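Structural overview
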Amino acid sequence: MQQKAEFDQRVQEALNNPQLRSNFRIAMDGLMEKRSNAFPDKTFMEELRVLGSKIRANALAKQPELLEQLETNCTRNGIQVHWAETIEQANRIVLDIMERHNATRMIKGKSMVSEEMEMNHFLEAQGKSCIESDLGEYIIQLDHETPSHIIAPAIHKSKQEIAKLFKAKHPDIPYSEDIETMTRSARQVLRSKFYEAEIGLSGVNFAVAETGTLCLVENEGNGRMCTTVPPVHIAVTGIEKVLEKLADVPPLLKLLTRSASGQHISTYFNMISSPRKPGERDGPKEVHLVLLDNQRSKIYEDDELFDSLRCIRCGACMNHCPVYTRIGGHAYGSLIPGPIGSCIEPQKFGLDKFGVLPTASTLCGACGEVCPVKIPLPKLLHRLRYEQVRDDHTGATNGQGSQRSGKEAMIWKLWSWAHANPAVYRSGTRLASLFRGAIPNKIGPWTRVRTAPKIAPKSLHQLAREEGFDHE
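Computed from a predicted model, the values in this text were never measured in an experiment.

This part is about the overall build of the protein. Along the backbone of the protein there are 23 helices and 10 strands. Dimensions of the protein, computed from the C-alpha atoms along their principal axes, are close to 90 × 55 × 50 Å. Taking contacts inside the protein between residues at least 6 apart in sequence as the whole, the part at least 24 apart equals 72%. Just so you have it, the protein exposes about 23,100 Å², and 54% of that area is on carbon and sulfur atoms. Here the protein carries 60 positive and 57 negative side-chain charges, and the mean point of each set is 5 Å from the other.

Structural data, given as structure tokens:
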């Protein structure tokens, strides 16, 4: 199938790129160590994970009414709320706000939902300027790439690669491979953009229904600049980010920062509840909140798969995944890579487009063990593998059955029949033992990366009898 062939090609390119693999190995080892050091008390960590899981599960269970409460309280606070069922609707809402203010320039804070919307490309096609202000996002925007990690978008690049990119795009800036110098140079370039932009855009980490508050977690200060300097602030988020109470935020914030980057607290934590009020000297005159569905309601309807909506976007599952750490984010071909991306992206965009992703996992369980809100990721990946080959046409997941192979289905039916009939099974194992010497040394994809199975000195039938599995 074309989807699998393209995926295999991207994986092979990643595996054949020693610089990329080195960059990821160094970065992932560092992030895993920082997370471990941030949770020295494992009992406390588990208690916090249980609490975080309950908070997210509670918010999802009450999501319909919490979203209505969020709209009511945001509107009362002066925030204008917009609902978007599709990506196209969300992009049109953002464009309409810009045109209403005759705006041509936007400065953006980090927002994975805006990446999901492909907002930059949409606005540029409409003649609008859209500049990323997060350093990692700015780097990949310069190189016309997509993020390779949800927390560190440019984590796949070395400092030498970034230095060369800066020199190519900003030849007037002196070449330097010093990280602090490059950061200072980027800051100088971006500083004026905050004042020139008529619109500032951000994502939302948590939207609190109780108070109508939008919470943003960041380390660079660019999020605060985007949401206060331009006269209009637009926040875009998925509908699953809603929380019931303000008291729910601190436990999730502890989990998010420690799981993502090993920090006990982020450098900046922004709470936005209204536009600028009379007498206040800074802040936007208008605040808009765009709530995007994009198949999330459909995911919500499934009693098992809706657990994937608990994600707080920390990236810990990626950092600990043996597949992601070796091939990187771009090999997945999706916006959100790694275990959580392999769960969410096929549900949002269809198994017919991303059905290969759930198979990009060893099911080792590392992702589930580190998830701060205890999402059962291996279980969900297994369920999606089933969804992509089932043929009962229930329509539970977009693209259901798109990866089904009649040949493979027939093989498994024969396998099931043989194992359900003892006489057939015994005869089969005897034949396999008799002809075990005919097993080839090359067995397709299996022996491309591992040696062929060694021939047992005893027959399978003899081994089965010795182990007590053969009851003749």
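Now for unusual backbone geometry. Not every positive phi belongs to a glycine, and Leu363 is a case in point at roughly 55°. With respect to the helices and strands, Leu363 occurs in the loop between helix 17 (351-354) and helix 18 (366-370). For Leu363, a relative accessible area of 33% translates into the label partly exposed. The phi dihedral of Lys374 is positive, around 55°, even though this residue is not glycine. Note that Lys374 resides in the loop between helix 18 and helix 19 (377-387). For Lys374, a relative accessible area of 32% translates into the label partly exposed.

Okay, a nonpolar patch on the surface next. Residues Met410, Leu414 and Trp417 make up a contiguous nonpolar surface patch of about 350 Å² in total accessible area. Here Met410 is to be found in helix 20 (residues 406-420). The partly exposed category is assigned to Met410, whose relative accessible area is 47%.

Take empty space enclosed by the protein next. Summary: where empty space remains is shown by rolling a probe the size of a single water molecule over the atoms. Throughout the structure, instances matching the rule amount to five cavities of 30 Å³ or more. Roughly 90 Å³ of internal volume is contained in the largest cavity. Grouping the constituent residues of the lining of the largest cavity by class yields 12 nonpolar, one polar and one charged. Lining the second largest cavity are 13 residues, and of these Cys321, Pro322, Ser361, Cys364 and Cys367 sit closest to its centre. Elements with a contribution of two residues or more to the lining of the second largest cavity: helix 18 and helix 19. Residue classes in the lining of the second largest cavity are distributed as 10 nonpolar, three polar and no charged.

Turning our eyes to something else, we now look at the packing of aromatic side chains. Geometry of an aromatic ring pair is reported as the spacing of the ring centres plus the angle between the planes. Taken as a whole, this structure holds five aromatic pairs when the rule is applied. A ring pair is formed by Tyr300 and Phe306, whose centres lie 5.9 Å apart and whose planes are at 75°; its orientation type is edge-to-face. Ring geometry for Phe349 versus Phe354: centroids 6.2 Å apart, planes at 75°, classification edge-to-face. Residue Phe349 is classed as partly exposed on the basis of its relative accessible area, which comes to 28%.

Now for the sheet that holds strand 9 (residues 268-272). With mixed pairing, four strands are arranged side by side in an open sheet as 8-5-6-9. The two strands at the open ends of the sheet, each matched to only one other strand, are strand 8 (242-243) and strand 9. Pairing geometry for strand 5 (residues 206-208) and strand 6 (residues 213-218), over three bridges, is antiparallel. If you follow Phe206 over to strand 6, its bridge partner there is Cys215.

Its boundaries defined by the atoms lining it, the second largest pocket holds a volume of some 1,300 Å³. As for the second largest pocket, its lining consists of 35 residues, and the residues nearest its centre are Lys4, Phe7, Asp8, Thr359 and Ala360. When residues of the lining of the second largest pocket are traced back to their parent elements, those giving at least two are helix 1 (2-15), helix 15 (324-327), helix 20 and helix 22 (446-449). Ranked by residue count, the leading element in the lining of the second largest pocket is helix 1, at seven residues.

Take the side chain of Gln63 next. With respect to the helices, strands and loops of the structure, Gln63 is situated in helix 4 (residues 63-77). Take Gln63: its relative accessible area is 4%, and that puts it in the buried class. In contact with Gln63, other than residues within four places in its own chain, are Ile239, Glu240, Val242 and Tyr300.

Here we come to the pattern of salt bridges. Under the defined criterion, the tally for this structure stands at 22 salt bridges. The closest approach of N and O atoms between Lys157 and Glu145, which form a salt bridge, is 3.5 Å. One end of the pair, Lys157, is in the loop between helix 8 (135-142) and helix 9 (159-169); the other, Glu145, is in the loop between helix 8 and helix 9, and 12 residues separate them in sequence. Taking relative accessible area as the criterion, Lys157 reaches 15% and is therefore assigned buried. When salt bridges that share partners are traced, they join Glu116, Glu240, Arg296, Arg313, Glu345 and Lys348 into one network.

Turning our attention to the sheet that holds strand 4 (residues 199-202). The strand order 1-10-7-4-2-3 describes an open sheet built from six strands, whose pairing is parallel. The open sheet has two free edges, formed respectively by strand 1 (80-84) and strand 3 (129-132), since each of these has just one partner strand. For this sheet, the mean inter-axis angle between neighbouring strands, taken without regard to orientation, is 20°. Contacting strand 1 and strand 10 (286-292), helix 4 crosses the sheet at an angle of about 145° to strand 1.

Okay, the packing of helix 8 against helix 9 next. Two elements in contact, helix 8 and helix 9, have axes separated by 10 Å at closest approach and are oriented at 60°. Where helix 8 crosses over helix 9, the two elements pack in a sense that is left-handed. When helix 8 is examined against helix 9, the residues Leu135, Ile139 and Leu142 are found in contact with a partner set consisting of Ile162, Leu165, Phe166 and Lys169. Taken together, the residues that form the contact of helix 8 with helix 9 break down as six nonpolar, no polar and one charged.

What counts and how
Sequence order as written defines the numbering, with residues in each chain counted from 1. Totals for whole chains, interfaces and linings use every residue, but because this is a predicted model, local features are given only for residues with pLDDT of at least 70 and side-chain atom pairs only at 80 or more, for both listing and counting. Each side-chain value is worked out from all heavy atoms of the structure, with water and hydrogens disregarded. In this description a helix means any DSSP run of H or I spanning at least four residues, a strand means any run of E spanning at least two, and both kinds are numbered starting from the N terminus. A contact between two residues is defined here by any heavy atoms of the two lying within 4.5 Å. Here the open area of atoms and residues is found with the Shrake-Rupley method and a 1.4 Å probe, where only the protein chains shown may cover a residue. Note on charges: Lys and Arg go in the positive column, Asp and Glu in the negative column, and His and the chain ends are not counted at all. By convention, the charge on Lys lies at NZ, on Arg at CZ, on Asp at CG and on Glu at CD. Each residue is assigned to one of three classes by its accessible area relative to the maximum for its type, calculated with a 1.4 Å probe on protein chains only: buried under 20%, partly exposed between the two thresholds, exposed over 50%. Patch rule: a residue counts if its relative accessible area is over 30% and it has no salt bridge; like charges are joined within 9 Å, and nonpolar side chains (Val, Leu, Ile, Met, Phe, Trp, Tyr) within 5 Å. In the sections that follow, a salt bridge refers to a side-chain nitrogen of Lys or Arg positioned within 4 Å of a carboxyl oxygen of Asp or Glu. Think of a 1 Å grid over just the protein atoms. A cavity is a set of points where a 1.4 Å probe fits yet cannot get out, a pocket is an open set with protein on both sides within 12 Å along at least five of seven lines, and lining residues have an atom within 4 Å of a point. Grid points are joined across faces, edges and corners, and a volume is the space filled by probe spheres set on the points. The residue classification treats Ala, Val, Leu, Ile, Met, Phe, Trp, Tyr, Cys and Pro as nonpolar and Asp, Glu, Lys and Arg as charged. All others, Gly included, are polar. Between 30 and 60 degrees the pair is tilted, below 30 it is stacked and above 60 it is edge-to-face, where a pair is any two Phe, Tyr or Trp rings, Trp via its six-membered ring, whose centres lie within 6.5 Å. Should DSSP find at least two bridges between two strands, the strands are taken to pair. Each axis is a line fitted through C-alpha atoms, and for a helix only the stretch in contact is used; angles between axes span 0 to 180 degrees, taken between their N-to-C directions. Whether a crossing is left-handed or right-handed is set by the direction in which the near helix is turned from the far one by less than a right angle, anticlockwise for left-handed and clockwise for right-handed.

Taken by themselves, the reported measurements are silent on function.
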